[in-house]
Amino acid sequence: MKTLIPASESLTVEFKSDRRCLSDTDLVEAVVCLSNAEGGELWLGVEDDGTPTGLHAEHRLLAGLAGLVAARTSPSVHVSVTPVEVSGVTVARIDVPKAAGEVATHSGVYLRRRIKHDGTPECAPMLPHERISRATHLGVLDVSAQVVDGASLDDFDPLERERLRQAIQQYGGDRVLLELDDEALDGALGLTVRQRDGSRLPSLTGMLLVGREAALRQWLPSHELAFQVLAQQAVKFNEFRCFPLLKALEWLETNFRPYNPEQELQVGLFRVPVPLVDMATFREAVANALIHRDYHRLGAVHVRLEDNALVVSNPGGLVDGVTLANLLVTEPRPRNRALADAMKRIGVVERSGRGVDTIYRGMLKFGRAAPDYSHTDSQNVVVRLSTAPADLAFRRMVVEEENRRQAQLPIDSLIALGALRELRRLSAEELAERIQRDVVAAKHTLESLIEAGFVEAHGATRSRTYILSAAVYDSVDDKAAYTRQVGFTPIQHEQMVMNYLRQHGRIKRAETMELCRLSEGQSKELLKRMTRAGLIALEGAGRTAHYRIVAVKSDEIG
């Protein structure tokens, strides 16, 4: 198989010219640079513009190159080197793994690859705070459990200690904590770190939870939060604060509530609130941003109410191992583990660490779109929560079903119902992608919804699709939509194909799929059935294959 050189350099691709014999130092530094980012490919003998010019005579024997890199990196980076023939010259592709920690050259140089403002990559020095930030990103260091340099116990605010105790009662936290004195409480929540001489010093967690505002500004200059309200590009509210976290949450909720109108929905004897944004979802999204942000990066946690969404963002991308493709199913991996554990015990965030489920549930149960994390990148986590009007009929249906079950609908079921409301028709494979599980789990979710009367299955096993049931469409007063989704009967499909053939003389399988709105498997089965019945005949093969009406012989007429 022919190996092609990538079109251009990127975060994971670097070209190095070897016309003047690249020095060992430059080669090793290029490897370290890639390894301290996402790993990737180093192409030796390729110019910056991607033109292959070949290896220098001293580098044509590649056998010792991997050993050279391992010997001159700390800890050793184990690369693989492959010679590649391109345009009549030999170049080397050096595959560099992503480091599990920090890597330096044997002379102590730390470098990392990054993308500049113009979109091009570069190798840049790794400064001390960036090394710590990378360690927290990889989960090998918990800075929230570390002592804050310069801070002392005098920087703790007695009023914030009292606020913490009240929060445990308000949020239903671990009530055992209420029985502890201040020193024992500090130890239980990791607010202080015991020194060798027996003294105690504030941890990052302690400063963030009960630190004085002035001390936070002095010792934690990266800590800041902003609440903004934008209405048709006009700024109605825009304030920044440096409060300790519990006070910050109260301040944000107090300022957000006037912008969060609430309807009431009568379900039986009960009135169900229908807010613009579910407050549990608001609290979880904001708390997650404050807890999981990178405290070694400058920048505020932003809570911004726009015309059609609430946007919450925080500095620091997703931690290593967490991606947008596994956000719903991966095990909890907090960047600031000690801080996250303290907030769980206080009761502010979900005790199981599955706060993302809370955010999803708070959106989907009102018939709104799922949370949108698509604007997240390596520098920031961004979630957009739609503020579109709630679907009251759908909310009523969910409440009634949960009352019947005496339990909440599973989050996968809510995602499935939301996807069916959006797409109208869904396959198990499509749902599996949305719930981030395998097809077996998706089918189980759909079958449980069929048993509950929410979903109907249509089609054979391989081409089976699912739609919302007639009862659901009836409950939301959209019976015509159900009829459209159920579609035509097999006899009607045959009539549509025959009419098309009479008008155009021939039809291909792809045209059948478009005409009848069938999947490839369904259209194949329809055409086979019509062929067996003698209505049509297949002509040609491969790309030229098509079907025509079977001609009726004259002696068969009359």
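Further up the page is the structure itself.
The written sequence of each chain sets the order in which its residues are numbered from 1. A pLDDT threshold of at least 70 governs which residues receive local features in this predicted model, and a stricter bar of 80 or more applies before side-chain atom pairs are shown or counted, although totals over entire chains, interfaces and linings include all residues. To get the side-chain values, take all heavy atoms of the structure and skip hydrogens and water.

Only DSSP runs of H or I covering at least 4 residues are called helices, and only runs of E covering at least 2 are called strands; the numbering of each starts at the N terminus. Per the secondary structure count, the protein chain includes 20 helices and 22 strands. For 558 residues, the compact-globule estimate of 2.2 N^0.38 gives 24 Å, and the C-alpha radius of gyration of the protein chain, at 31 Å, exceeds that figure by more than 25%. Dimensions along the principal axes, computed over C-alpha positions, put the protein chain at roughly 110 × 85 × 45 Å. Classification of residues uses two cut-offs on accessible area relative to the type maximum, computed with a 1.4 Å probe and protein chains only: under 20% is buried, over 50% is exposed, and between them is partly exposed. Residue burial in the protein chain is summarised as follows: out of 558 residues, 46% are buried. In what follows, residue pairs with any heavy atoms lying within 4.5 Å of each other are defined as contacts. The long-range fraction of contacts in the protein chain, counting pairs at least 24 apart against all pairs at least 6 apart in sequence, stands at 60%. The protein chains shown are the only cover counted for residues, whose accessible areas, like all others here, come from Shrake-Rupley with a 1.4 Å probe. Summed over its atoms, the accessible surface of the protein chain is roughly 28200 Å², and 50% of this surface lies on carbon and sulfur atoms. In this tally Asp and Glu are treated as negative and Lys and Arg as positive; neither His nor the chain ends contributes. Where a charge sits is defined by one atom per residue type, namely NZ (Lys), CZ (Arg), CG (Asp) or CD (Glu). Between the centroid of the 69 positive side chains of the protein chain and the centroid of its 75 negative side chains there is a distance of 4 Å. Each radius of gyration reported is based on C-alpha atoms, and the globular scaling rule is 2.2 Å times the count of residues to the power 0.38.

The next thing to look at is the nonpolar core. Inside soluble globular proteins, nonpolar side chains tend to come together where they are buried. If you look at the biggest cluster of nonpolar residues, it comprises 93 residues, and the most contacted ones within it are Leu164, Leu209, Phe282, Leu310, Met343 and Val348. It is helix α9 (residues 279-292) that provides the largest number of residues to this core, a total of 8 residues. In this structure leucine 209 touches Glu160, Leu164, Leu191, Pro244, Leu245, Leu246, Leu339, Ala342, Met343 and Ile346, once residues within four positions along its chain are discounted. Formed by 23 residues, the second largest nonpolar core is a distinct cluster that contains Val31, Leu44, Val77 and Ala92. Residues belong to a common nonpolar core when they are buried Ala, Val, Leu, Ile, Met, Phe, Trp, Tyr or Cys residues joined through side-chain atoms within 4.5 Å.

What counts as a disulfide here is a pair of cysteine sulfur atoms lying within 2.5 Å. Under the criterion given, the structure shown has 1 disulfide. Paired through a disulfide, cysteine 33 and cysteine 123 show a sulfur-sulfur distance of 1.9 Å. Disulfide cysteine 33-cysteine 123: the torsion about the S-S bond is -120°, which places it as left-handed. Of this pair, cysteine 33 sits in helix α1 (residues 24-35) while cysteine 123 sits in strand β8 (residues 121-125), and the two are 90 residues apart along the sequence. With no disulfide of its own, cysteine 21 lies 19 Å from the sulfur of cysteine 123, the closest cysteine sulfur.

With that settled, the discussion passes to the packing of α9 against helix α11 (residues 355-364). Lines fitted to C-alpha atoms define the axes here, with helix axes fitted over just the stretch in contact, and angles between the N-to-C directions of these axes take values from 0 to 180 degrees. Interhelical geometry of α9 versus α11 gives an angle of 145° and a closest axis separation of 8 Å. For the crossing formed where α9 meets α11, the hand is left-handed. Side by side, α9 and α11 meet where Ala280, Thr281, Glu284, Ala285 and Asn288 of the first sit next to Gly355, Thr358, Ile359, Gly362 and Met363 of the second. Each residue gets one of three labels, nonpolar for Ala, Val, Leu, Ile, Met, Phe, Trp, Tyr, Cys and Pro, charged for Asp, Glu, Lys and Arg, and polar for the others, Gly among them. Classifying every residue of the contact of α9 with α11 by side-chain character gives 4 nonpolar, 5 polar and 1 charged. In this scheme the crossing of two helices becomes right-handed for a clockwise turn of the near helix relative to the far one and left-handed for an anticlockwise turn of less than a right angle.

With that settled, the discussion passes to the sheet that holds strand β12 (residues 234-241). Any two strands with at least two DSSP-identified bridges between them are counted as paired. An order of β12-β11-β15-β16-β17 is seen for the 5 strands of this open sheet, with the pairing classed as mixed. The open sheet has two edge strands, β12 and β17 (380-386), and neither has a second partner. Taking each pair of neighbouring strands and ignoring which way they run, the sheet shows an average axis angle of 10°. The strands touched by helix α8 (residues 245-256) are β11 (225-231), β12, β15 (301-305) and β16 (309-315); relative to β11, the strand with the most contacts, the crossing angle is about 10°. Packed onto the sheet, α9 meets β11, β15, β16 and β17 and runs at close to 15° relative to β16.

Let's shift gears to unusual backbone geometry. For the peptide bond that leads from serine 74 to proline 75, omega is -10°, which places it in the cis range. With respect to the helices and strands, proline 75 occurs in the loop between β3 (73-74) and β4 (80-86). Positive phi, normally seen in glycine, also occurs at arginine 424, with a value near 75°. Relative to the helices and strands, arginine 424 resides in the loop between α13 (411-423) and β18 (425-426). Look at glutamine 436: it is not a glycine, yet its phi comes out positive at around 60°. One can find glutamine 436 in the loop between α14 (428-435) and α15 (439-451).

Here we take up the environment of leucine 501. Assignment of secondary structure puts leucine 501 in helix α18 (residues 490-504). When the C-alpha positions of leucine 501 and aspartate 341 are compared, they lie 68 Å apart, and in sequence the two are 160 residues distant. Leaving out residues up to four positions away in the same chain, leucine 501 has contacts with Arg506, Ile507, Ile536, Tyr547, Arg548 and Ile549.

Before going further, it helps to examine the packing of aromatic side chains. Here a Phe, Tyr or Trp ring, Trp counted by its six-membered ring, pairs with any other such ring whose centre lies within 6.5 Å, and the pair is stacked when the planes are under 30 degrees apart, edge-to-face when over 60, and tilted otherwise. Under the criterion given, the structure shown has 5 aromatic pairs. Between phenylalanine 243 and tryptophan 251 the ring centres are 6.0 Å apart and the planes differ by 85°, which places this aromatic pair in the edge-to-face class. For a ring to carry a charge above it, either NZ of a lysine or CZ of an arginine must fall within 6 Å of the ring centroid while also lying within 35 degrees of the normal to the ring plane. Just above the ring of phenylalanine 243 sits the side chain of lysine 247; from NZ or CZ to the centre is 4.4 Å. Geometry around phenylalanine 394 places arginine 421 over its ring, the cationic atom sitting 4.9 Å from the centre.

The geometry of α13 relative to α15 is characterised by a closest axis approach of 10 Å and an angle of 80° between their N-to-C directions. As summarised for this structure, α13 and α15 are arranged roughly perpendicular, according to the angle between their axes. Residue-level inspection shows Asp412, Ser413, Ala416 and Leu417 of α13 in contact with α15, the latter providing Thr445, Ser448 and Leu449. Within the contact of α13 with α15, the residues separate by chemical class into 3 nonpolar, 3 polar and 1 charged. By the definition adopted for this analysis, an angle is roughly parallel if under 35 degrees, roughly antiparallel if over 145, roughly perpendicular if from 65 to 115, and oblique otherwise.

Bringing the sheet that holds strand β19 (residues 455-458) into the picture now. Taking strand neighbours across the sheet as the criterion, the 3 strands line up as β18-β20-β19 in an open arrangement whose pairing is antiparallel. Lying at the two open borders of the sheet, with one neighbouring strand each, are β18 and β19. As paired strands, β18 and strand β20 (residues 465-468) are joined by 2 bridges and run antiparallel to one another. Looking at the pairing, arginine 425 lines up with isoleucine 467 of β20.

Before going further, it helps to examine helix α10 (residues 337-346). The buried count for α10 comes to 7 of 10 residues, which makes it a mostly enclosed element. Those residues of α10 lying buried are Ala338, Leu339, Ala340, Ala342, Met343, Lys344 and Ile346. Looking at the packing, one finds that the buried side of α10 touches α4 (158-171), α5 (182-189), α6 (204-210), α8 and α9. Just downstream of α10 lies glycine 347, where phi reads positive at about 100°.

What follows covers the environment of asparagine 36. For asparagine 36, the location among the structural elements is in the loop between α1 and β2 (40-44). The residues touching asparagine 36, leaving out its near neighbours within four places in the chain, are Ala99, Gly101, Glu102, Val103, Leu111, Arg112, Met126 and Arg134. Residues adjacent in sequence count toward polar contacts only when both atoms are side-chain atoms; beyond that, a polar contact is any pair of N or O atoms within 3.5 Å, and within protein one must be able to donate a hydrogen and the other to accept it. At a separation of 2.8 Å, a polar atom in the side chain of asparagine 36 contacts the main-chain carbonyl oxygen of leucine 111.

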